[in-house]
Amino acid sequence: MTIYALATAPGRAAIAVVRVSGPAAAAALIALAGPLPAPRTAALRQLRDVDGQPIDQALVLWFPAPASETGEDMAEFQVHGGRAVVEAVLRALGAIPGLRPAEPGEFARRAFANGKLDLTAAEGLADLVAAETDAQRRQALHQLEGGLAHLYDGWRRTLIDLSARLEAAIDFPDEGLPTDLTAGVARSIDDLAVQVRAHLDDGRRGERLREGFHVAIIGRPNVGKSSLLNRLARREAAIVAPEPGTTRDVIEVSLDLDGLPVTVADTAGVRDAGGAVEREGMRRARRTADQADLKILIGDSEHIGTGAPDLGFAPDERTIVAINKCDLARPGPSPGAAWYPISCVTDEGIDALVRAVTDRLRSQAWQGGGPVLTRARHRAELEATLAALDRAASGTAPELVAEDLRLAARCLGRITGRVDVEDVLDRLFAEFCIGK
Ligand code: GDP
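So, here is what we can say about the structure in this document. (Residues numbered from 1 in each chain as written. Predicted model: local features only at pLDDT ≥ 70, side-chain atom pairs only at ≥ 80, totals over all residues. Heavy atoms only, no water.)

### Observations regarding the overall build of the protein
Here comes step 1: On a plain count of helices and strands, the protein comes out with 14 helices and twelve strands.
Here comes step 2: Within the protein, the fraction of its 436 residues that count as buried is 49%.
Here comes step 3: Contacts in the protein between residues far apart in sequence, at least 24 positions, make up 64% of those at least 6 positions apart.
Here comes step 4: Total accessible area on the protein stands at roughly 20,800 Å², and carbon and sulfur atoms take up 53% of it. (Helix = DSSP H or I, 4+ residues; strand = E, 2+ residues; numbered from the N terminus. Buried < 20%, exposed > 50% of the residue type's maximum accessible area, 1.4 Å probe, protein only. Contact = heavy atoms within 4.5 Å. Areas by Shrake-Rupley, 256 points an atom, 1.4 Å probe, with all protein chains shown as cover.)

### Brief notes about helix 5 (residues 134–144)
Here comes step 1: Considered for burial, the residues of helix 5 that qualify are A135, Q136, Q139, A140 and Q143. The buried residues of helix 5 occupy an angular sector of 130° when projected down its axis, which confines them to one face.
Here comes step 2: Directly after helix 5, the chain includes G146, whose backbone phi takes a positive value near 100°. (Arc of directions from axis to C-beta.)

### Quick word on the site of the ligand
Here comes step 1: Close contacts around the ligand come from 18 residues, with N222, K225, S227, D327 and C344 the closest.
Here comes step 2: One of the backbone N or O atoms of G224 is found 3.0 Å from an oxygen atom in the ligand.
Here comes step 3: V345 is positioned such that a nitrogen or oxygen atom in its backbone is 3.4 Å from an oxygen atom of the ligand.
Here comes step 4: Expressed as a share of its isolated accessible area of 580 Å², the protein-covered part of the ligand is 84%. (Near = heavy atom within 4 Å. Polar contact = N/O pair within 3.5 Å; in protein donor to acceptor, adjacent residues only side chain to side chain.)

### Focus: the sheet that holds strand 2 (residues 15–21)
Here comes step 1: The mixed open sheet is built from six strands, whose spatial order is 3-4-5-2-1-6. The open sheet terminates on both sides in strands that have one partner only, identified here as strand 3 (43–48) and strand 6 (99–101). Neighbour-to-neighbour, the strand axes of the sheet open up by a mean angle of 30°, direction not taken into account.
Here comes step 2: Of the pairings in the sheet, the one linking strand 2 to strand 5 (residues 74–80) comprises seven bridges and is antiparallel in character. (Pairing = 2+ DSSP bridges. Axes fitted to C-alpha atoms, helices over the stretch in contact; angles between N-to-C directions.)

### A short note on the nonpolar core
For soluble globular proteins, the rule of thumb is that nonpolar side chains tend to be buried together.
Here comes step 1: By size, the foremost hydrophobic cluster in this structure holds 31 residues, and its most contacted members are L228, V264 and V357.
Here comes step 2: Sorting the residues of this core by element identifies strand 7 (213–219), helix 9 (225–233), strand 8 (251–257), strand 9 (260–266), strand 10 (294–300), strand 11 (319–324) and helix 11 (350–362) as the ones contributing at least two each.
Here comes step 3: Ranked by residues supplied to this core, first place goes to helix 11 with five residues. (Core = buried A, V, L, I, M, F, W, Y, C linked by side-chain atoms within 4.5 Å.)

### What about the sheet that holds strand 11?
The strands making up a sheet associate through hydrogen bonds between their backbones, and the pairing can be parallel or antiparallel.
Here comes step 1: Spatially, six strands are ordered 8-9-7-10-11-12 in an open sheet, and the strand pairing comes out mixed. The open sheet terminates on both sides in strands that have one partner only, identified here as strand 8 and strand 12 (339–341). Ignoring which end each strand starts from, the neighbouring axes of this sheet average 25° apart.
Here comes step 2: Examined bridge by bridge, strand 11 and strand 12 share three bridges and lie parallel to one another.

### Re the environment of V321
Here comes step 1: Summarising the element assignment, V321 is placed in strand 11.
Here comes step 2: Taking the C-alpha atoms as reference points, V321 and A338, separated by 17 residues in sequence, lie 7.6 Å from one another.
Here comes step 3: Ignoring sequence-local partners within four residues, the contact set of V321 consists of L297, L311, P315, A338, W339 and Y340.

### What to know about helix 3 (residues 106–113)
Here comes step 1: For helix 3, the buried fraction is high: six of the eight residues fall into the buried class.
Here comes step 2: Within helix 3, burial applies to E106, F107, A108, R110, A111 and F112.
Here comes step 3: Just beyond helix 3, the residue with positive phi is G115, at close to 75°.

### Concerning the pairing of strand 2
Here comes step 1: Strand 2 sits mainly inside the fold: six of its seven residues count as buried.
Here comes step 2: Pairing between strand 1 (residues 2–6) and strand 2: four bridges, direction antiparallel. Each residue of the ladder has a partner; that of Y4, found in strand 2, is V20.

### Remarks on the packing of helix 6 (residues 147–170) against helix 12 (residues 376–394)
Here comes step 1: Running from N to C, helix 6 and helix 12 cross one another at 20°; their axes reach a closest spacing of 14 Å. Judged by the angle between their axes, helix 6 and helix 12 are roughly parallel. For the crossing formed where helix 6 meets helix 12, the hand is left-handed. Counted together, L148, Y152, W155 and L159 of helix 6 and H378, L382 and L389 of helix 12 form the full contact between these two elements.
Here comes step 2: Within the contact of helix 6 with helix 12, the residues separate by chemical class into six nonpolar, one polar and no charged. (Parallel < 35°, antiparallel > 145°, perpendicular 65-115°, else oblique. Left-handed = near helix turned anticlockwise from the far one by under 90°. Nonpolar A, V, L, I, M, F, W, Y, C, P; charged D, E, K, R; others polar.)

### Overview of the pattern of salt bridges
Here comes step 1: If you walk through the whole model with that rule in mind, you get 26 salt bridges.
Here comes step 2: Note that R377 is salt-bridged to E123, the shortest N-O span being 2.7 Å. Of the two residues, R377 sits in helix 12 while E123 sits in helix 4 (residues 119–130), which places them 254 residues apart along the sequence. Summarising the burial analysis for this pair, R377 and E123 share the class buried.
Here comes step 3: In this structure, the salt-bridge partner of R406 is E403, at a minimum N-O distance of 2.5 Å. Pair noted here: R406 and E403 are both in helix 13 (residues 398–416), with a separation of three residues, about one helical turn. (Salt bridge = Lys/Arg side-chain N within 4 Å of Asp/Glu carboxyl O.)

### Remarks on the packing of aromatic side chains
Here comes step 1: According to the stated counting rule, one finds one aromatic pair in the structure shown.
Here comes step 2: With centroids separated by 5.9 Å and ring planes inclined at 40°, the aromatic side chains of Y152 and W155 adopt a geometry described as tilted. Taken together, the residues Y152 and W155, both in helix 6 and three residues apart, mark about one turn of the helix. We note that Y152, like W155, is buried.
Here comes step 3: Above the face of the F107 ring, R19 is positioned so that its terminal group lies 4.6 Å from the ring centre. (Phe/Tyr/Trp six-rings, centres within 6.5 Å; stacked < 30°, edge-to-face > 60°. Lys NZ or Arg CZ within 6 Å of the ring centre and 35° of its normal.)

In structure tokens, the structure reads:
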């Protein structure tokens, strides 16, 4: 079946792109725009509907299989981006036998089926379309360009090669397994296990960057948590009020901190008094803080005496302490790790605090260089790979070792989609929008 869809965002725009993919793409192009133009060369044409009525002037492109994005014959119409124009083009295409509207992600799925993309590249494509910050874009592009596929396919080839060597030896049992062979295989398994373990033990850098970081602003009531959030968001996102306990729920704003996607949550102040609603707010505050990648713990400079102040939370290694209202009183030196004097009124120290937060998060994010896994799906398969490698490393019966190596190769193959992955395909491609 040949599919068609609007590839650009719906709504009014200067240009809209409609794509067609499948065996009837050439017939569709000819029906609307006349003879096929030279492959991959734009031609200016008058588009006409089935009755010969003009629809629009358009740039028309013809991509014969297999050198197209999906690997099938493809036609592309770049029309004026008005709703009526797009609808007329889609209507005209719908009237052609053998054509139907595409499902979400169907173009990418066909590209995968035709070997144009492996699964990690398809995921990279989905992430690239969804990327909101520069660092996310770079990571998605790296994955689309095969950063992960190259690594996993390399490991998989090594495993297939090792199990083949073992099996060849097993096939001649009379001769016994040569010890240099088993020793060589064991060394290679150990090497690979070290590499997979190091790759897994990455502090979830890729996943964090893909999903975005969570920062919680915590501290006692009235220290200026909402004021800081507003200052960060540069808008009135949270209610700032002089009475304690105004922030009863968790309020979040999304920020782009130097390319890093960050969600900052303002939490209810922690204090002992308070009604049921406020207690629920505090429960949520603690939960948000527990799950955060980083906490900004705020103290009030007026309440800081000498010695270690009680800020309501014990700072841990995921905490940055900021002492607010330093326009009212100067906090002395910190008794522990450095703290950041700030004022949400005069803006003093805010830039330094934001820099500290950004630096801390950046050290937890992918920063280019080696490939990094970006999804729980990759992590689960890699953990299974490592478990099989560990079993293989401690195994003595060559048949069982070979079996574990095959299993490990299979897990890696599932990440890139080289082996049975029907079950993940529907879920994965449903993430795409129609026309991708
Ligand atoms: P929260 O309960 O921790 O969210 O605190 P709010 O942000 O609601 O602030 C409590 C009060 O402190 C409000 O009256 C703010 O105007 C005031 N406040 C916040 N930051 C500063 C600051 O840096 N300097 C001064 N002088 N007042 C501040």
